[in-house]
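Coordinate analysis (summary)
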Amino acid sequence: MLNDEICKLREKLNNSIINGDDYEITYKISVELDELIAEYYRIELDLAKKGKTIKNPKIKRRNVAKV
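Residues numbered from 1 in each chain as written. Predicted model: local features only at pLDDT ≥ 70, side-chain atom pairs only at ≥ 80, totals over all residues. Heavy atoms only, no water.

Here the focus is the confidence of the model for the protein. Predicted coordinates in areas of low pLDDT are best not read in detail. With 78% of its residues at a pLDDT of 70 or more, the protein shows a mean pLDDT of 84. Residue range residues 61-67 is modelled with pLDDT below 50. Its contacts to residues more than four positions away, or to other chains, number 12 contacts. (pLDDT = per-residue confidence, 0-100. Contact = heavy atoms within 4.5 Å.)

Encoded structure:
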C-alpha cells in the first residue's frame with residue numbers, strides 16, 4: 001500500500017540523515033519520498049473529487065476543497 005511505502009521510505013531517509021550517509025544517497029531517498037507523497041495526494045485529490053477519502057490514520061491529510 002502506498003501509505004506503508006511512504007512510512008518505510010521516511011524511516012529510511014531519517015536513518016540516512018542520522019547515519020551521515022553520503023549526500024547523494026540522502027538526496028535520492030528524499031526525491032523518492034517526495035514522489036510517493038505527491039502520488040498519495042494526487043490519488044486523494046481524485047478521490048475527494050468523487051466524494052471519497054483515503055482512510056489511513058498514519059498520514060495526516062490536509063483539507064481538500066471539493067471542486
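Right, let's get into the environment of Asn3. If you trace the backbone, Asn3 turns up in helix α1 (residues 2-19). Considered as a pair, Asn3 and Tyr40 are 37 residues apart in the sequence and their alpha carbons are 7.7 Å apart. (Helix = DSSP H or I, 4+ residues; strand = E, 2+ residues; numbered from the N terminus.)

Another point: helix α2 (residues 23-49). For α2, with 27 residues, the first-to-last C-alpha span of 39 Å sits near the 39 Å given by 1.5 Å per residue. All buried positions along α2 are accounted for by Thr26, Ile29, Leu33, Leu36, Tyr40, Tyr41, Glu44 and Ala48. Packed against the buried residues of α2 are α1. Measuring from the side-chain oxygen of the N-cap residue of α2 to the backbone nitrogen of Glu24 gives 3.1 Å; that N-cap residue is Asp22. Looking one or two residues beyond α2, the residue adopting positive phi is Gly51, at roughly 85°. (Expected span 1.5 Å × (residues − 1). Buried < 20%, exposed > 50% of the residue type's maximum accessible area, 1.4 Å probe, protein only. Polar contact = N/O pair within 3.5 Å; in protein donor to acceptor, adjacent residues only side chain to side chain.)

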